Amino acid sequence: MSKNKNKTEHSMLSNIFFFIRLLFSISPLLVIGECIWGIILTLPARLISVLGVKYIIDIVSSRERTERVFAVIAVIAAVLVLSKLIAWLFREFYWNVEREKVYRGLNTKLYEKAKSLDLSSYDDPDFYNNFILTIESSSDSIQNMLGLVRNYIGNIISLFTIGSILLAIDPLCLLIILVFVVAFTPLSRKIGSLQMNRRIDNTRFHRRSDYFQRIFYLQDYAKEVRMNNIKPLLIERYNDAADDVIKNQKKYWSKISLFYFIQESGVQVLGFMFILPLYLGYCVLVKKTVSPGDFVASFNGAYSIAMSFNFLTVWALSAFSERGKMIEKYREFLKCEGKIKDGKQSALISQPKTIEIKNLSFTYPGNNEPTLNNINLTVKPYEKIALVGYNGAGKTTLTNLLLRLYDATEGEILIDGEDIRNCTVKSHRNRFSAVFQDFQIFSCSVAENVALDVDPDKEKVCEALGHSGFTKELKDGTDTEVLREFNDSGIMMSGGEAQKVAIARAFYKNCPYVILDEPSANLDPVAEYNLNQAMLEAAKDKTVIFISHRLSTTINADKIYVMENGRIIESGSHAELMEKDSAYAYMFNLQAEKYRKG
């Protein structure tokens, strides 16, 4: 994604309109309401400060019908109260609800896009940084953009309204303010650029500090942290990352604060506090061209216009520049496309067919050496095959290619003679059920964890759990909540119990092919034996490919493929490989010896 940045970068205005259109497509009334809200919050108070105050001063100066002052004050109070009331009703009874809908709509787009990208996207650090920045800033972008639009519309309407009034009284006031504001406008772009760069750098540093922070409260790390002397190391690394964040803040905020100071000093102090009062004083005392009411109206009107100009051309421009850069990241992410493309056909989920892997090679992005090198194998329907070998041999990578989580660098994978790349990704993956070595348990019910669906079939869930050997007592049956993220009564499972739930997913899903990556890694020998028997029985009408380092699970496999350094070095049944007395026999005897000694 980063490589195409220069080709796809949009202007600030384009990004702003893109995001507003996006918000409008989700909630039109929210965007319209924000615009009206901005006018209501800004215009009445500024009109009162100009016309209302002028009218009161003129009445008092003329000393005629002074009782009218009270009526004017009452009208002013009523207008202010009514505008505040309308704004409050909009915010409390509409804005909060619609804002959450917009959050959901935008985040759904992000999650759908994230799900559609292949795993190679996550191997790119620039992409991952942009992804995190986009996800974390989505709600902030909405909040800030809506506030900017609201204030921008309010200030534009106020600018033209008060400007028309001031133009009728004394046009030179408007010219004085315009000169000072325009002179300092170029600094706003610099400020916006600095703020965006600060956020990008902070995201990178916060990733490091957040990682070490999570280690102290995540249950996965609890035992390691308490049983070893790693705490000083973690604290040191956390402090280093936190120091980098602090240094980064100092680096940018010193410059940003300086530019803000120059802007405010030039516009507010020099323009409003010195030049403008001198000119208005000259008009009143020397030229006598303005009345006391006109004097106050001119000063207040000029100040109001200057505030609008200052917001529209200095502060808002800086804020829109920063938001525009954030929206650019958002657009880049939404336009980002993975390397894995849909085929034109829809794969049929039927009985198992022959899987052929021909001359398959694969190199991870950024690596020079291939992880898989010229793999050839054939899996017949209903076969149970095992992939064995040392860590890094390429076993998991091979199954990832079979699932099209990556696409091969060279070669092809055929199912029933058809290249899997000719099928849509979704329909192809629906043919497989996979339990990964680094499986995850979600904070939802046991049934939902097994089905990975919003509407699980309870009977099928129980059957799948039985096949996996899951016997833990559940107080609410399969509706029992897992983990305590959102429910204090949620159950906590051991590693073996969690793995059985994950394995049950393979039995639940109605598909012809099953991939199991280390299915018995957390199980004791008895549970492992029972699982193997249950797995063979439950998967008798499926093709099963499993990866295992514990070779006792491979004995009943129809065929075993031994992998080393990305190649298949030998294959055959357990008996055939033991008879060869080569790599597999060596590994099996080594493990068997450990059991015998134990």
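Residues numbered from 1 in each chain as written. Predicted model: local features only at pLDDT ≥ 70, side-chain atom pairs only at ≥ 80, totals over all residues. Heavy atoms only, no water.

Undergrad: An account of the overall build of the chain is requested, with residue identities and associated values reported.
TA: Of the regular secondary structure elements, the chain holds 18 helices and 10 strands. The contacts of the chain with a sequence gap of at least 6 include a subset with a gap of at least 24, amounting to 77%. Of the accessible surface of the chain, which amounts to about 31,200 Å², a share of 57% is contributed by carbon and sulfur atoms. (Helix = DSSP H or I, 4+ residues; strand = E, 2+ residues; numbered from the N terminus. Contact = heavy atoms within 4.5 Å. Areas by Shrake-Rupley, 256 points an atom, 1.4 Å probe, with all protein chains shown as cover.)

Undergrad: Which residues make up the pairing of strand E1 (residues 355-362), and what are the values?
TA: The pairing of E1 with strand E2 (residues 372-379) spans 5 bridges and is classified as antiparallel. Across the sheet, the residue bridging to Glu 356 is Thr 378, located in E2. (Pairing = 2+ DSSP bridges.)

Undergrad: Give a description of a negative patch on the surface that names residues and reports values.
TA: A cluster of acidic side chains, namely Asp 453, Asp 455, Asp 457, Glu 459 and Glu 463, defines a negative patch on the protein surface. Structurally, the position occupied by Asp 455 is in the loop between helix H13 (446-451) and helix H14 (458-468). (Patch = residues over 30% accessible without salt bridge, like charges linked within 9 Å, V, L, I, M, F, W, Y side chains within 5 Å. Salt bridge = Lys/Arg side-chain N within 4 Å of Asp/Glu carboxyl O. Lys, Arg positive; Asp, Glu negative; His and termini not counted. Charge placed at Lys NZ, Arg CZ, Asp CG, Glu CD.)

Undergrad: Give a detailed account of the packing of helix H2 (residues 12-26) against helix H4 (residues 68-116), specifying residues and quantitative values.
TA: Helix-helix packing is described using two parameters, namely the angle between the two axes and the distance between the axes. H4 packs onto H2 with a crossing angle of 115° between their chain directions and a minimal axis gap of 9 Å. Of the possible angle classes, the one that applies to H2 and H4 is roughly perpendicular. As for the relative orientation of H2 and H4, their crossing is right-handed in sense. Listed contacts from H4 to Phe 19, Leu 22, Leu 23 and Ile 26 of H2 are Lys 101, Val 102, Gly 105, Leu 106 and Lys 109. Considering only residue class, the contact of H2 with H4 consists of 6 nonpolar, 1 polar and 2 charged. (Axes fitted to C-alpha atoms, helices over the stretch in contact; angles between N-to-C directions. Parallel < 35°, antiparallel > 145°, perpendicular 65-115°, else oblique. Left-handed = near helix turned anticlockwise from the far one by under 90°. Nonpolar A, V, L, I, M, F, W, Y, C, P; charged D, E, K, R; others polar.)

Undergrad: Please set out the side chain of Thr 478 residue by residue, giving values where relevant.
TA: Note on placement: Thr 478 falls in the loop between H14 and helix H15 (495-508). The class of Thr 478 is buried, set by a relative accessible area of 11%. In this structure Thr 478 touches Ser 445, Val 446, Ala 447, Lys 458, Val 461, Cys 462 and Leu 465, once residues within four positions along its chain are discounted. (Buried < 20%, exposed > 50% of the residue type's maximum accessible area, 1.4 Å probe, protein only.)

Undergrad: So what about the sheet that holds strand E4 (residues 410-415)? Which residues, and what values?
TA: Pairing is antiparallel across the open sheet formed by 4 strands, whose spatial order is E2-E1-E4-E5. The open sheet has two edge strands, E2 and strand E5 (418-419), and neither has a second partner. Each of E1, E2 and E4 is contacted by helix H11 (residues 395-402), which is oriented at about 115° to E1, the strand it contacts most.

Undergrad: Which residues make up the environment of Ile 135, and what values go with them?
TA: In this fold, Ile 135 is placed in helix H5 (residues 125-169). The partly exposed category is assigned to Ile 135, whose relative accessible area is 24%. As for Ile 135 and Leu 106, which are separated by 29 residues in sequence, their C-alpha atoms are 9.7 Å apart. Each residue touching Ile 135, except ones within four places of it in the same chain, is listed here: Leu 110 and Tyr 111.

Undergrad: Give me the lowdown on the nonpolar core, citing residues and values where you can.
TA: As a rule of thumb, soluble globular proteins bury nonpolar side chains together. Leu 23, Leu 106, Met 145, Cys 173 and Phe 333 are the most contacted members of the largest nonpolar core, which totals 48 residues. Listed by contribution, the elements that provide at least two residues to this core are H2, helix H3 (28-62), H4, H5, helix H6 (171-184), helix H9 (231-287) and helix H10 (292-335). If you tally residues by element for this core, the top one is H10, at 12 residues. Non-local contacts of Cys 173, meaning those with residues more than four positions away in its chain, are made with Leu 166, Leu 276, Tyr 279, Leu 280, Ser 298 and Ala 302. (Core = buried A, V, L, I, M, F, W, Y, C linked by side-chain atoms within 4.5 Å.)

Undergrad: Tell me about the packing of aromatic side chains, residues and numbers included.
TA: Summed over all chains, the structure comprises 9 aromatic pairs. Summarising the aromatic geometry, the rings of Trp 88 and Phe 93 are spaced 5.8 Å apart at their centres and angled 85° between planes, so their arrangement reads as edge-to-face. A relative accessible area of 60% means that Phe 93 is categorised as exposed. Arranged with centres 5.3 Å apart and planes meeting at 55°, the rings of Phe 362 and Tyr 406 form a pair that is tilted. Of this pair, Phe 362 sits in strand E1 while Tyr 406 sits in the loop between H11 and E4; the two residues are 44 residues apart in sequence, bridging distant segments of the chain. Pairwise contacts between aromatic rings join Trp 37, Phe 90, Tyr 94 and Trp 95 into one cluster. Here the guanidinium or amino end of Lys 460 rests over the ring plane of Tyr 508, the centre of that ring lying 4.6 Å away. (Phe/Tyr/Trp six-rings, centres within 6.5 Å; stacked < 30°, edge-to-face > 60°. Lys NZ or Arg CZ within 6 Å of the ring centre and 35° of its normal.)

Undergrad: Outline the environment of Ile 176, listing residues and values.
TA: Position of Ile 176 among the secondary structure elements: in helix H6. Considering only alpha carbons, one finds Ile 176 and Tyr 279, 103 residues apart in sequence, at a separation of 9.2 Å. Those residues within four positions of Ile 176 in sequence are excluded, and the remaining contacts are Ile 275 and Tyr 279.

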